[in-house]
Amino acid sequence: MRTYILRRVLLMIPTMLAIFTITFFLMHATPGSPWDSTGRPLPLHVIESLNEKYGLDKPVLEQYFIFLWGIISRGDLGDSYTRAGQSVTDLLMQHFPISLQLGLVAMVFAVAGGLTLGLIGGIQPNSPVDYLTTFLSVIGISTPSYVVATLGVIVFALWLNWVPTGGWDGIFSERAVIPVIALGLGPMATIARYTRSAVVEASSQEYVRTAHAKGVSRRGVNLRHVLPNALISVVTVSGVSLVSVVTGSFFVESILNIPGIGRYFVTSVSARDYPVIIGTTLLYATLVMVMNLVIDLAYTALDPRIRYE
Amino acid sequence: MKRLSHSSRIVLILLVSLALCITPALSLAQDDLVVFRQPANEPTGLDPAQGGFGYQEMFSLYEPLVDAYSGTEVTPLAAEGWTLSEDGTTYTFTLREGLMWSDNTPVTAEQYRQSFLRQLDPATAAYAVEEFFPILNGQAYNSGEITDPNEVGISAPDERTLVIQLEQPTPYFLSYLGNTSYLPVRVDLIEQYGPEWMEAGNHVGNGPYMLTEWVHDQRMVFEQNPYYNGIWKDTRFVDRIEFVIMADAWNLAVPAFEAGEVDVAIAPASELPRLMADPEYAAMLTPVPIAGSVIMVMDTQNPPTDNVLVRQALSLAIDRQTLSAGVLRGANPPATSFSPPTIGSHNPDAGFGYQYDPALAAELLAEAGYPGGEGFPEFELTFWSLDNARLAMQAVQAMWSENLGINVTLNPLEPAAMREWRISRNEQPFNAYYGLQWAGIPDASQFANAMFDPANSLRRSRFDDPAYVDLIRSALVELDPARRTEMYLEAEAVINEQVPIISLVYESQTWLIRPNVENFIDVTTAVGTIFRYAQPPGLIVNQ
Amino acid sequence: MTMTTLQASPPIVSVQVQRPPKTHALRKFLRRFARNRAALVSAIFIVLLVLVAILAPVIAPYPYEKTNFAAITVGPSSEFLLGTDELGRDMLSRLIYGARVSLFVSLIAQFVIILVGVPIGLISGFYGGWVDIAIQRVVDTLYAFPSLLFIIIIMTYIQGALSDTEGPFAAALAGINDSTGGLLGVLIALGLVFWLTVSRIVRGEVLALREKEFITAARAIGATDLQLMFRHILPNILAPVLVAIAFGIPNVIMLEAGLSYLGLGTRPPVPSWGLMISEGVKTFRSFPHLLISPGLALAITLLAFNYLGDGIRQALDPSLRNE
């Protein structure tokens, strides 16, 4: 087991290197430069001196190795071009925790809601309750998060005056309500769907029928036999959603004015803020790989038959 | 932060109670502070050498030598006055007495000199370095031709005297001096703290307010600078300015205003009909014109727009009134001349390019060889893919199709890619592209010379009429203001007739301002909106 | 970075399909499918929608780009059934043409995804060994890449490159780009991102089938690798691929909507639902009708595709038969 984890962790290194390399050359191949974002066009000589100041006048290959060496030798991702005086590491440290907190809470909301909806529907397949829960989860899947966020502001902040229109005051503040809903609705619907089909599948299995035949109560069967089976696919789906939810959402964070990391994925590309593009990409990649490992390990906990060598 | 002296506190409290009678809207914190909450985008920094900051933040934290924005005249600010030599090339400024930085150290002329030299230093890569090129040897020092800063025409013979020598008489130089690039910074602190000199706690400015808190992407808090000794000292009304930093202030400010979270907001065009329909909000709307034009640049050396008849036809076929009042909801006034009314060269009576005359337009196009749009070559209209540009360009496309029978292709580009595209058009031919031209200072040269002088690094429409270029070059350095304005009016007439660049509408901001905020906050307009957080001197009650 | 529901296309629950007797397969499938009423209604709706999209020039009351500056953002009326947009264009006509763009994009994107994902998954699963390891490393790497970022970079790159390069190849690409309303970038980007999921599903299926008797038998009578892969294995894994397509189409439509919100969508004045929604969201408080009609159209369509996918899966999956 330990060697398995070690091997997986070591495998992350070449993957990270590959991702770094692809991102680096892709972003440099994209037209546009980081300067001149203020509306008035900058004179060419100013752009040239800015390129010189930030080392962008060197050949791309040389820049690649300088950047790579900075990461390897000092763990330094460089300074943001659009945030004077802030290193990319600072920026990630400052904004990622906010998205992380929101994402975790949204995920709790999504898993709780999704499991409930899925179980209710799956236990009585094709009943009116099932149709209702399926309909709800499909609505959840088919509504873009920016529509949810915008409508949330209009209803909860402007009509009902329950919460402010946006901003961030910590995860326990009322300001976190709309973003949690907007972030969690999609994953909740997905989890509900997977739970439902896993439950339906599990209920038709031999051993569940046997348990029924032996006179175990319906609830007992559901809790002891159906639920654990459903959990396996829920873990997979939640793991995938979790990464995308904790890395924040550009739409939710922009509309609800959350200072999370999600909007940097987009704004850094629009601003051609190269160090931030690299930083956010590597952060995302690390999370995906760690999460994949966690999911695989969770399988062993949920299903004793699975073993990794 | 140390609080104000006892007497000024009493004055403040008096003012506050006065304000309370008239302004229930302003939020008052526990200890009777007047707090003003304003939406803002996260600034790139607070460094006058870079772009990406708000004018509002900069002019609250720093004070330039002169005030070029409050009225039509340039007036003294940190300088109590100045003299200009007979030949028009040497300015001598005298600083006000007792000016202090927010760390309680005196402001010296030498610090202004160092700040200006820092802008010119090639290593700084300052955004607006061209504003320093009128200074003697400024450009040479910036390009590395000379390396000794003492050869640059800036000197500080004593603590309160700053002498600036110019290459040649430059009538608009004083306006530059009031601009953000000429704000003084503490070079010693920049060296001490490195890039973190702009963070709260490190930052020191000479303006009426000082930075006390900056949580990136969330809020910025300014409080009164207790050591400030400048002209706003006794008229500062607001104790605390809270900048509510928004991810997208353009779209988020209005809902926040309606929810009572901020005291002012700029309303985007799409919100205007709804706000105007509500009497409460309609009363709070204040349109503020800005010295800028929304333009379409055409390549005057590439067919079909190398033919002046085609350019005139294209301009005459645009119904600017409909564009302004209908599509843009009245947020931007229709253009009646190339440069906007706040600029001296604005000349709506000259030329006929700015009328809406579809019949004449069709006639001109036929005369140019494309009757009813027949045989008109493929024509591409490039613009950045942002909301207003998308709307305006689709409207223009429809008007041209309707009035002239020509079908143009729209080519939206992502903004950063558009910038590079535009730079590459210095060499390559194009048809037309969308842009904004803002005046950095309220001077006609910002429109005529900036866009049409062939020596300019960003050439626009390749409009190389030698007589015109001579005219704007001599207007630039003309010392007699009346004659200068006359020359620019004449130049503008040429542009309005030849239309190498079409102005569509003028820039403007429609502010939502809570009732009575304007009673004590001076909304200053020229190149933008700047709140002074203070009564204009002379109007204050308690003096 | 989320486009939550857009991008998180979780590995679709694997469907084990036993090899059905070929002749009755289709009839059986249709009979089972028809028993699911929601899926049937959805299928009919989608067929109608495709018809509307194809017949757009005949059905639409106005051309989609026809402006009417005298009637800007008017509400629904007898003249404009769904009202007009910010340039006085008929919303109903734009919705009809928008269906064309949105469906076209998602179908082409699915086609690209299948074209790339299925062969790679087949090869990876069939050969195993170092081929599999190499391919899976690539897949893992791309999985760990933020897909929205990837899409934005590719789109910006293509947008910029198309307007600057010359030559026959670029001209051909520009032609495709023009005929899709400037969505070539979206198509390429989506194809590059979403093939991963499909290839994983296919690989999993192939791994399970590879050792089955009929494969061993075919191999014994001298079938080549290519024949094995495409004649014997491929028909047996079509079912999960079909399900993946049905679920993938909504993903693509939603993603196109998200990109429009970022200003990376269709070239104006060509409408797409995503574009209409993203414009409608920004002006919802002033002009709710700009969001409501495209929003509902999108929601109903996605609902239909989801029910359709469910229906196909249930009809194909024997373990769910007794539902």
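Above this text you will find the structure in question.
Presented here is an overview of the structure given in this document. (Residues numbered from 1 in each chain as written. Chains lettered and ligands numbered in written order. Predicted model: local features only at pLDDT ≥ 70, side-chain atom pairs only at ≥ 80, totals over all residues. Heavy atoms only, no water.)

A separate point is the interface of chain C and chain A. Every contact between the two is made by 51 residues of chain C and, on the other side, 62 residues of chain A. Linking chain C to chain A there are zero residue pairs in polar contact (both at pLDDT 80 or more). Class assignment for the residues of the side of chain C that touches chain A results in 32 nonpolar, 14 polar and five charged. (Contact = heavy atoms within 4.5 Å. Polar contact = N/O pair within 3.5 Å; in protein donor to acceptor, adjacent residues only side chain to side chain. Nonpolar A, V, L, I, M, F, W, Y, C, P; charged D, E, K, R; others polar.)

This part takes up the packing of helix 4 (residues 88-123) of chain A against helix 5 (residues 128-142) of chain A. Residues and elements named next belong to chain A. Between helix 4 and helix 5, the shortest axis-to-axis distance is 8 Å and the interhelical angle comes to 145°. Every pair of crossing elements has a handedness; the one defined by helix 4 and helix 5 is left-handed. Judged by residue contacts, L117, I120 and G121 of helix 4 engage V129, D130, T133 and L136 from helix 5. Among the residues making up the contact of helix 4 with helix 5, the classes are represented as four nonpolar, two polar and one charged. (Axes fitted to C-alpha atoms, helices over the stretch in contact; angles between N-to-C directions. Helix = DSSP H or I, 4+ residues; strand = E, 2+ residues; numbered from the N terminus. Left-handed = near helix turned anticlockwise from the far one by under 90°.)

Before going further, it helps to spend a moment on the sheet that holds strand 8 (residues 161-165) of chain B. All names here are of chain B. Reading across the sheet, the four strands line up as 5-6-8-7 and stay open at both edges, with antiparallel pairing between neighbours. Each edge of the sheet is formed by a strand with only one pairing partner; in this case those strands are strand 5 (79-84) and strand 7 (154-158). Going across the sheet, the axis of each strand differs from the next one's by a mean of 20°, ignoring polarity. Pairing analysis gives five bridges linking strand 6 (residues 90-95) to strand 8, with the strands arranged antiparallel. Bridging from a neighbouring strand, T90 pairs with Q165 of strand 8. Sitting on the sheet, helix 3 (residues 109-120) is in contact with strand 6, strand 7 and strand 8, with an inclination near 165° to strand 7. (Pairing = 2+ DSSP bridges.)

What follows deals with a negative patch on the surface. Residues and elements named next belong to chain A. A cluster of like negative charges, contributed by E48, E52, D57 and E62, occupies part of the molecular surface. Take E48: it is sitting in helix 2 (residues 44-53). Among the residues examined, E48 registers a relative accessible area of 54% and is labelled exposed. (Patch = residues over 30% accessible without salt bridge, like charges linked within 9 Å, V, L, I, M, F, W, Y side chains within 5 Å. Areas by Shrake-Rupley, 256 points an atom, 1.4 Å probe, with all protein chains shown as cover. Salt bridge = Lys/Arg side-chain N within 4 Å of Asp/Glu carboxyl O. Lys, Arg positive; Asp, Glu negative; His and termini not counted. Charge placed at Lys NZ, Arg CZ, Asp CG, Glu CD. Buried < 20%, exposed > 50% of the residue type's maximum accessible area, 1.4 Å probe, protein only.)

With an omega dihedral of 5°, the bond running from P303 of chain B to P304 of chain B counts as a cis peptide bond. Counting through the fold element by element, P304 of chain B comes out in the loop between strand 13 (285-298) and helix 10 (308-316). With an omega dihedral of 5°, the bond running from P268 of chain C to P269 of chain C counts as a cis peptide bond. In this structure, P269 of chain C sits in the loop between helix 12 (238-261) and helix 13 (273-282).

Attention now goes to the interface of chain A and chain B. Note on interface size: it is often stated as the accessible area lost on association of the parts. Across the boundary between the two partners, chain A contributes 43 residues, which contact 46 residues of chain B. With both sides pooled, the region where chain A packs onto chain B buries about 3,400 Å², and carbon together with sulfur makes up 52% of that total. The interface formed by chain A and chain B contains four salt bridges. Remark: the boundary between chain A and chain B carries 14 residue pairs in polar contact (both at pLDDT 80 or more). For the side of chain A that touches chain B, the secondary-structure elements that each account for two or more residues are helix 2, helix 4, helix 10 (250-255) and helix 11 (262-270) of chain A. (Buried area = accessible area lost by both parts, 1.4 Å probe.)

Below, the discussion takes up the sheet that holds strand 12 (residues 264-266) of chain B. All names here are of chain B. The strand order across the open sheet built from six strands is 12-17-13-16-14-15, with neighbouring strands paired in mixed fashion. For this open sheet the edge positions go to strand 12 and strand 15 (409-413), each flanked by a neighbour on one side alone. Strand-to-strand twist across the sheet, computed as the mean angle between neighbouring axes with direction ignored, equals 30°.

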